[in-house]
Amino acid sequence: MKIIQYLHTTTGGHRRYVMELAEALAHTQDVVVLTARAAPESASVRQLAVLKAPDPSQRGLGRSVDRLRVYRGHPGAFG
């Protein structure tokens, strides 16, 4: 079985949770994490850095617009 996880963030709690789960699963399964291109490398889990990350400097309405644009583009990166 292959487990694929999706990780759009480059830092923070969500990234920490996904990477810890992937590391635990990797002991018994083939695990791949689809990550943002700017994400730090992991020595213990295979990552494919194919996703565009949201701009962390955006604020207010610009932040929402940026995230919508980035997330709408992610399905195209999977193919």
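Anyway, here's the lowdown on the structure attached to this text. This structure is a prediction, so every number in the text was calculated from the model and none was measured.

Now for the sheet that holds strand 2 (residues 30-36). Strand order in the open sheet formed by 3 strands is 1-2-3, with parallel pairing between adjacent strands. With one partner strand each, in any of the chains shown, strand 1 (2-7) and strand 3 (46-51) form the two edges of the open sheet. Neighbour to neighbour, the strand axes of the sheet diverge by 25° on average, direction disregarded. Examined bridge by bridge, strand 2 and strand 3 share 5 bridges and lie parallel to one another. Bridge pairing links L34 to L48 in strand 3. In the packing of helix 1 (residues 13-25) onto the sheet, the strands contacted are strand 1, strand 2 and strand 3, and the crossing angle to strand 1 comes to about 170°.

To continue, consider the pattern of salt bridges. Tallied over the full model, the rule gives 2 salt bridges. Between D30 and R46 there is a salt bridge whose closest N-O contact spans 4.0 Å. Separated by 16 residues along the polypeptide, D30 in strand 2 and R46 in strand 3 bring together distant segments of the chain. Looking at D30, the relative accessible area reads 35%, which means it is partly exposed. A salt bridge links R69 to D66, with the nearest nitrogen and oxygen atoms 2.6 Å apart. With R69 and D66 both in helix 2 (residues 60-78) and 3 residues apart, this pair spans about one turn of that helix. Taking relative accessible area as the criterion, R69 reaches 47% and is therefore assigned partly exposed.

Scoring rules and cut-offs
Residues numbered from 1 in each chain as written. Predicted model: local features only at pLDDT ≥ 70, side-chain atom pairs only at ≥ 80, totals over all residues. Heavy atoms only, no water. Pairing = 2+ DSSP bridges. Helix = DSSP H or I, 4+ residues; strand = E, 2+ residues; numbered from the N terminus. Axes fitted to C-alpha atoms, helices over the stretch in contact; angles between N-to-C directions. Contact = heavy atoms within 4.5 Å. Salt bridge = Lys/Arg side-chain N within 4 Å of Asp/Glu carboxyl O. Buried < 20%, exposed > 50% of the residue type's maximum accessible area, 1.4 Å probe, protein only.

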